[in-house]
Amino acid sequence: MKKTSRRGIDVDVEELDRIIDAAMREPLNERDGRTLKTAVHAMAERLVRRRNTEKISAVLEPKTTSGTAPTPPQPAQPGPAGHGRNPASAFTGAERVRVKHVQLKPGDVCPECRQGKVYCQKEPKTLVRIVGRPPLQATVFEMERLRCNGCGEVFTANEPPSAGPEKFDPTAVATTALLKYGTGMPFHRLEQLEKHLGIPFPASVQWVLMKRAAGWLWPVLKELIRHAAQGGVMHNDDTGMRILKLVRDLEDGRTGTFTSGIVSILRGWKIALYFTGWKHAGENLADVLRQRVAELDAPIQMCDALSRNTPKLTGVPILLGYCLSHGRRQFTDIAPNFPEECRYVLENLGEVYHNDALSRERKMSPEERLAFHQERSGPVMERLKEWLMAQLAEHRTEPNSGLGKAISYLLRHWTKLTLFLRQQGAPLDNNIVERALKKAILHRKNALFYKTMNGARVGDLFMSLIHTCELNKVNPFDYLTELFRHPAELAVRPGEWMPWNYRNAALAAA
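Okay, so let's go over this structure. Since this is a predicted model, take the numbers as computed values, not measurements. (Residues numbered from 1 in each chain as written. Predicted model: local features only at pLDDT ≥ 70, side-chain atom pairs only at ≥ 80, totals over all residues. Heavy atoms only, no water.)

## A look at the overall build of the chain
Of regular secondary structure, the chain possesses 17 helices and nine strands. Scaling as 2.2 N^0.38, a compact globule of 510 residues should have a C-alpha radius of gyration of about 24 Å, whereas the chain reaches 31 Å, well beyond that. Summarising its shape, the C-alpha atoms of the chain cover approximately 105 × 80 × 75 Å along the three principal directions. Within the chain, buried positions represent 39% of all 510 residues. A fraction of 66% describes how many contacts in the chain between residues 6 or more apart in sequence connect residues 24 or more apart. Surface summary for the chain: the accessible area is close to 32,000 Å², and the carbon and sulfur share equals 53%. Of the charged side chains in the chain, 73 are positive and 57 negative, and the gap between their average positions amounts to 3 Å. (Helix = DSSP H or I, 4+ residues; strand = E, 2+ residues; numbered from the N terminus. Rg over C-alpha atoms; globule rule 2.2 N^0.38 Å. Buried < 20%, exposed > 50% of the residue type's maximum accessible area, 1.4 Å probe, protein only. Contact = heavy atoms within 4.5 Å. Areas by Shrake-Rupley, 256 points an atom, 1.4 Å probe, with all protein chains shown as cover. Lys, Arg positive; Asp, Glu negative; His and termini not counted. Charge placed at Lys NZ, Arg CZ, Asp CG, Glu CD.)

Below is the structure:
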């Protein structure tokens, strides 16, 4: 996502006071006028609230006159905002304590009317109590030691079963992985937090735990990549990532490093993969597709129009589609300068997105969704294409203007932007992988960089497993904990330990 940087201006307040005082006595000269104008514009720029959404209502003023732009069907308005509190049923990870009535039990005579009998209601009254604890807790076991005063022999109490064979329980390793690679908390920040709470947990120890755990999980990641290669729809994109200690490949000539995100959809499962290094998203996708079974139909690839996102791979045909959100963004960025033209485009595309939302709500099959879009969205896109072509053919828009370039982008990539009108299962946009990359961006924002390429590979592994769990509505903490408890089984049968089937394997191994 493009960031708008605000320019820095040094403002001399005394100089501004002098200019204003002089203006009260005589007209401003040209130099003082420019200085005052620059300062006023800079202050006005900082007073404008930054836009954090691309909705039509945020990029354009409300429409006051009726125009040619169609009004897409509006979804039902949500009810008034609530208090924001979660019901007790939402606390699925909370400990449940059953509290019995101290005076009554089922079948007792009612103390109020003395005629009926009391029975348990189906739903108990609930009370949620939240307490604070360190993310990682420690228990110090003090085994009693007894010494004979005759022979000097020392007898030590046996270690309790709850002490476990290792200092760090699998749940502690899973929590560390989730904090670092799931929520972006750097090792040193977690070290400081645990130190304040009385639990020493050095950053170096955290890295040793992650490195060791990653050694157990490589077979699972390889199996996940093999599954992803068989997907019917594959999204990909990349973002910049910094690696400090990296040997430059002078022959290749590249100086940048990236994190590529790939989201593959296979029989309803969504698989997220991350790859950090020299390669672009298209090259990493090509590496994944080399494991694809030859007999399968050509996959649908969804990306933006950058050539580096397309895999250069022979022998594996691909149905390439471009992200409609990227085409739409061309107009949201220039909407303040061309409000009426951009409104027309955005409202037409909004109608297409509304149709896609209806297909999801009605749980249409890929065949039904394609027919629905051809019937409802096809005429909308055809009308929009004619309007776009007329803007340039009839010289209504300057081709080199912002609007002209946005129109040219849509027309130049029209066939790939409208793949959803010709191919079953083709998505409208690449938003799912844009959201997936936010996990890598969050890590970059908080930790700033990876130290080595090995650290980047460990981060890619954990992010891939964690986000795949999130996409499939699987608890990543439970999943990682079970993987850490069964490292031997993972090496032998990694296919049984995917996020969607690991529970059966865990039960069999128990």
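## A short note on the environment of Thr-468
Looking at where Thr-468 falls in the secondary structure, it is placed in helix H14 (residues 453-471). Overall, Thr-468 belongs to the buried group, its relative accessible area being 0%. A C-alpha to C-alpha distance of 7.9 Å links Thr-468 and Leu-273, two positions 195 residues apart in sequence. When residues no more than four places from it in sequence are discounted, the contact partners of Thr-468 are Leu-224, Lys-270, Ile-271, Ala-272, Pro-499 and Trp-500.

## With respect to the environment of Lys-270
Within the secondary structure layout, Lys-270 lies in strand E6 (residues 269-277). Judged by its relative accessible area of 31%, Lys-270 is partly exposed. Residues Lys-270 and Asn-472 lie 202 residues apart in sequence; the distance between their C-alpha atoms is 6.3 Å. Apart from the residues within four sequence positions on either side, Lys-270 is in contact with Ser-264, Ile-265, Ile-432, Thr-468, Leu-471 and Asn-472.

## Some words on the sheet that holds strand E3 (residues 233-240)
Across the sheet, which stays open at both edges, the five strands sit in the order E6-E5-E3-E7-E8 with mixed pairing between neighbours. Of all strands in the sheet, those with a lone pairing partner are E6 and strand E8 (319-322), marking the two edges. Strand-to-strand, the axes of this sheet are offset by a mean angle of 20°, without reference to chain direction. Contacts from helix H6 (residues 203-228) reach E3, strand E5 (258-266) and E6, with the element oriented near 115° to E6. (Pairing = 2+ DSSP bridges. Axes fitted to C-alpha atoms, helices over the stretch in contact; angles between N-to-C directions.)

## A closer look at the packing of helix H8 (residues 324-332) against helix H11 (residues 402-412)
Across the interface, H8 lies against H11 with an axial gap of 9 Å and an inter-helix angle of 170°. With respect to each other, H8 and H11 are oriented roughly antiparallel. Where H8 approaches H11, its residues His-326, Gly-327, Gln-330 and Phe-331 are matched on the opposing element by Leu-403, Ala-406, Ile-407, Tyr-409 and Leu-410. Per-class residue counts for the contact of H8 with H11 are six nonpolar, three polar and no charged. (Parallel < 35°, antiparallel > 145°, perpendicular 65-115°, else oblique. Nonpolar A, V, L, I, M, F, W, Y, C, P; charged D, E, K, R; others polar.)

## Overview of the side chain of Ser-260
Looking at the secondary structure, you find Ser-260 in strand E5. For Ser-260, a relative accessible area of 0% gives the class buried. For Ser-260, the side chain forms a polar contact with the main-chain nitrogen of Ala-281, separated by 3.3 Å. Ignoring sequence-local partners within four residues, the contact set of Ser-260 consists of Asp-237, Asp-238, Leu-273, Tyr-274, Phe-275, Lys-279, His-280, Ala-281, Asn-284 and Leu-437. (Polar contact = N/O pair within 3.5 Å; in protein donor to acceptor, adjacent residues only side chain to side chain.)

## Examining the state of the cysteines
Considering all chains together, one arrives at zero disulfides under this definition. Its sulfur unpaired, Cys-110 is 3.7 Å from the next cysteine sulfur, which belongs to Cys-113. (Disulfide = S-S within 2.5 Å.)

## Focus on helix H7 (residues 281-289)
Most of H7 is tucked away: seven of the nine residues are buried. Listed in full, the buried residues belonging to H7 are Ala-281, Gly-282, Asn-284, Leu-285, Ala-286, Val-288 and Leu-289.

## Describing helix H5 (residues 187-196)
Of all the residues in H5, the buried ones are Phe-187, Leu-190 and Glu-194. Looking straight down H5, one finds that the buried residues subtend no more than 65° of arc, so they occupy a single side. Among the exposed residues of H5, those oriented more than 90 degrees off its buried face are His-188, Lys-195 and His-196. At its buried positions, H5 is contacted by helix H4 (170-182) and H6. (Arc of directions from axis to C-beta.)

## A short note on the pairing of strand E7 (residues 300-303)
The alternating pattern of E7 places Ile-300 and Met-302 and Gln-301 and Cys-303 on opposite faces, both of which are buried. Here E3 pairs with E7 via three bridges, running parallel. Each residue of the ladder has a partner; that of Val-233, found in E7, is Ile-300. Of the pairings in the sheet, the one linking E7 to E8 comprises four bridges and is parallel in character. Note that in E8 the partner of Cys-303 across the bridge is Tyr-322.

## Notes on the packing of aromatic side chains
Scanning the model with the defined rule gives six aromatic pairs in all. Between the aromatic rings of Phe-168 and Phe-201, the centroid separation amounts to 5.7 Å while the plane-to-plane angle is 35°, which identifies the pairing as tilted. With Phe-168 in the loop between strand E2 (154-156) and H4 and Phe-201 in the loop between H5 and H6, this pair connects stretches of sequence that are 33 residues apart. We classify Phe-168 as partly exposed; its relative accessible area is 25%. Ring centres of Tyr-344 and Trp-387 lie 4.8 Å apart, and the angle between their planes is 35°; this geometry places the pair in the tilted category. Separated by 43 residues along the polypeptide, Tyr-344 in helix H9 (residues 339-361) and Trp-387 in helix H10 (residues 366-393) bring together distant segments of the chain. (Phe/Tyr/Trp six-rings, centres within 6.5 Å; stacked < 30°, edge-to-face > 60°.)

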